[in-house]
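# Report on the structure
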Amino acid sequence: MEIRSLDLGAYADFDAHERVVECRDGASGLHALIAIHNTNLGPALGGCRMWPYADREEAVRDVLRLSRGMTYKSALARLALGGGKAVIIGNPHQDKSREMFLAMGKFIDALGGEYITAEDSGTSVPDMQVIRERTAHAAGISAVSEHGGDPSPTTAFGTFIGLRKAVDFHLGRRDLAGVRVAVQGVGNVGYHLARQLVEAGAEVHVADIHAGNVDRAVDDLGVTAVPVDQVHALDVDVFSPCAMGGAINDQTLPGLRAKVVAGAANNQLASAGHGDELHRRGILYVPDYAVNAGGIIDIYYQHCGGNYDDVRQHVESTADTLLEVFRRAREENRSTCRVADELAEERFSRPNSSPAPSLSEAG
Ligand code: NAD
């Protein structure tokens, strides 16, 4: 087994990361990178992604970008956490083995608690349970709710709260009855979001490249299916990207008719300039990492041993931060994405003043 620190100063995505290590284990075939971006507010918690990266460079860029994003997300959610991420280079459908996750657990343990892992794309709760055999620094295993460790329903809940706040702020509608929402992607998060929207009386349209997921939403929830290539341009009040990143780009932005963009997907803006353009057009963009923090909040309390009331309360409190972002953006005539970044930086560049329990209290 080999673990070595990397000097990545030459990478464009390098953002004064505190530590990046490369881990190789010949016996299991594990090749992974772990990046710790910033630990001012607490240990760096972030998922362990497994993906068939084209090459090592692509994995390096991904781990740098994702770990930085976790610092911003947790700071804005007022969690006593820093930002980190791990990536395993490999195909999760072919290359996984118990030995690989045992080795990953050893590497994480060697970082002495500076980095705490959790499930992410390509990894699952059972994988985290194997990692946990070698280190205590793995979260997302002990369920505080009926969701069995899966944070998606809580992510959907937080997105619902934030979407409702945005509709109230921007459209002056106190509840969602009759509000028209287009949900792009009805997988784990999008499905639960669509359900809550329907329960709140919204008129919901959905699109997904996976026909089975569309059928499930239509059959279970009575929502309307729309074509994948038209969902962003529907005549609705809210466009809710809940699929992959980059939903707001040069091709889609000109066609947007919604007045609010609020969804769970990570990295929705192809660039910050697209956030500025949304602002210029009078469209309220709810910053992705501010509205989709329900999952990390859920995992945080799983690790700390809180109950689901704690999770729910904490998630509900994120609406106050969103309101602050919306107000600042309006007062200063700036895009919400730039205001959110600035607010997060204000929070994580100072020593921890978070009201949340610290991870040192974790069991
Ligand atoms: P998922 O894979 O379960 O669902 C994504 C869905 O989007 C799938 O049904 C997929 O078929 C569909 N899709 C992909 N490309 C599409 C396209 N071009 N048009 C329409 N549909 C498309 O993933 P998820 O866990 O629901 O996560 C959704 C998004 O939210 C991701 O961007 C993820 O990074 C982000 N997110 C998830 C969580 C969580 O707790 N799961 C937390 C924070 C952020």
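The model shown is predicted, which means the values in this text are computed figures rather than measured ones.

The rules behind each value
- Residues numbered from 1 in each chain as written.
- Predicted model: local features only at pLDDT ≥ 70, side-chain atom pairs only at ≥ 80, totals over all residues.
- Heavy atoms only, no water.
- Axes fitted to C-alpha atoms, helices over the stretch in contact; angles between N-to-C directions.
- Helix = DSSP H or I, 4+ residues; strand = E, 2+ residues; numbered from the N terminus.
- Parallel < 35°, antiparallel > 145°, perpendicular 65-115°, else oblique.
- Left-handed = near helix turned anticlockwise from the far one by under 90°.
- Contact = heavy atoms within 4.5 Å.
- Nonpolar A, V, L, I, M, F, W, Y, C, P; charged D, E, K, R; others polar.
- Polar contact = N/O pair within 3.5 Å; in protein donor to acceptor, adjacent residues only side chain to side chain.
- UniProt positions renumbered as here; feature names shortened; annotations may be inferred.
- Buried < 20%, exposed > 50% of the residue type's maximum accessible area, 1.4 Å probe, protein only.
- Pairing = 2+ DSSP bridges.
- Phe/Tyr/Trp six-rings, centres within 6.5 Å; stacked < 30°, edge-to-face > 60°.
- Lys NZ or Arg CZ within 6 Å of the ring centre and 35° of its normal.
- Salt bridge = Lys/Arg side-chain N within 4 Å of Asp/Glu carboxyl O.
- Near = heavy atom within 4 Å.
- 1 Å grid on protein atoms, 1.4 Å probe; cavity = no way out; pocket = protein on both sides within 12 Å on 5 of 7 lines; lining within 4 Å.
- Points joined across faces, edges and corners; volume = space filled by probe spheres on them.

Attention now moves to the packing of helix H5 (residues 188-199) against helix H6 (residues 211-221). Contact pair H5 / H6: the axes reach a minimum separation of 11 Å and the direction vectors enclose 25 degrees. Between H5 and H6, the crossing angle belongs to the class labelled roughly parallel. Considering how the two elements wind past one another, H5 and H6 form a crossing that is right-handed. Contact residues: H5 offers Tyr191, Ala194, Arg195 and Val198, while H6 offers Arg216, Ala217, Asp220 and Leu221. Residue composition of the contact of H5 with H6, by class: 5 nonpolar, no polar and 3 charged.

Turning to the side chain of lysine 85, a few remarks are in order. Structurally, lysine 85 can be placed in strand E6 (residues 82-89). Polar side-chain contacts of lysine 85 include one of 2.8 Å to the side chain of aspartate 120. If we ignore the near neighbours within four places in the chain, the residues touching lysine 85 are Leu33, Ile34, Ala35, Gly46, Gly47, Val63, Leu66, Ser67, Met70, Tyr115 and Asp120.

On to the UniProt feature "binding site: NAD(+)" (unreviewed entry) in the protein. Residues given the UniProt feature "binding site: NAD(+)" (unreviewed entry) here are Gly185, Val186, Gly187, Asn188, Val189 and Gly190. Here valine 186 shows up in the loop between strand E8 (180-184) and H5. What makes valine 186 buried here is its relative accessible area of 0%. The residues touching valine 186, leaving out its near neighbours within four places in the chain, are Tyr191, Val206, Ala207, Asp208, Asn213, Val214, Arg216 and Ala217. Structurally, glycine 187 is set in the loop between E8 and H5.

Turning our eyes to something else, we now look at the sheet that holds strand E9 (residues 203-207). Read across the open sheet, the 6 strands follow the order E10-E9-E8-E11-E12-E13; overall the sheet is parallel. Only two strands of the sheet have a single neighbouring strand rather than two, namely strand E10 (224-225) and strand E13 (284-285). Taken together, the 4 bridges between E8 and strand E11 (residues 238-241) define a ladder with parallel strand orientation. The residue bridging valine 181 from the neighbouring strand is valine 238, located in E11.

The subject of this paragraph is the packing of aromatic side chains. Under the criterion given, the structure shown has 4 aromatic pairs. Ring plane angle 70 degrees and centroid distance 5.0 Å describe the contact between tyrosine 72 and phenylalanine 348, whose orientation is recorded as edge-to-face. Taken together, the residues span a long stretch of sequence, with tyrosine 72 in helix H1 (residues 56-76) and phenylalanine 348 in helix H11 (residues 336-348) at a distance of 276 residues. One exposure class covers both tyrosine 72 and phenylalanine 348, and it is buried. Geometrically, the ring pair formed by tyrosine 300 and tyrosine 301 is edge-to-face, given 5.3 Å between the ring centres and 80 degrees between the ring planes. Overall, the relative accessible area of 0% leaves tyrosine 300 in the buried class. Above the face of the tyrosine 191 ring, arginine 216 is positioned so that its terminal group lies 4.0 Å from the ring centre. The ring of phenylalanine 157 has arginine 312 lying over it, and the distance from NZ or CZ to the ring centre is 5.3 Å.

Quick look at the pattern of salt bridges now. Where side chains of opposite charge bring their charged atoms close, a pairing between them can arise. Within the structure shown, the criterion is met by 26 salt bridges. Aspartate 276 is paired through a salt bridge with arginine 338; the nearest N and O atoms lie 2.7 Å apart. Of this pair, aspartate 276 sits in helix H7 (residues 272-280) while arginine 338 is found in helix H11, placing the two residues 62 residues apart along the sequence. By relative accessible area, aspartate 276 is classed as partly exposed at 28%. Residues joined by salt bridges that share partners form a network here, namely Glu324, Arg328, Glu332, Arg334, Glu342, Glu346 and Arg347.

With that out of the way, let us pick up the site of the ligand. Taken together, 21 residues lie around the ligand, and Thr155, Val189, Asp208, Asn213 and Ala243 are the ones closest in. Asparagine 188 is positioned such that a nitrogen or oxygen atom in its backbone is 2.9 Å from an oxygen atom of the ligand. For the ligand, an oxygen atom lies 3.2 Å from a polar atom in the backbone of alanine 264. Looking at the shell around the ligand residue by residue, the class counts come to 9 nonpolar, 10 polar and 2 charged.

Here we take up the layout of surface pockets. The volume enclosed by the second largest pocket comes to roughly 160 Å³. In terms of lining, the second largest pocket is formed by 14 residues, of which the most central are His170, His279, Ile283, Leu284 and Thr336. When contributions to the lining of the second largest pocket are tallied by element, the ones reaching two or more residues are helix H4 (152-171), H7, E13 and helix H10 (308-332). Taken together, the residues that form the lining of the second largest pocket break down as 7 nonpolar, 6 polar and 1 charged.

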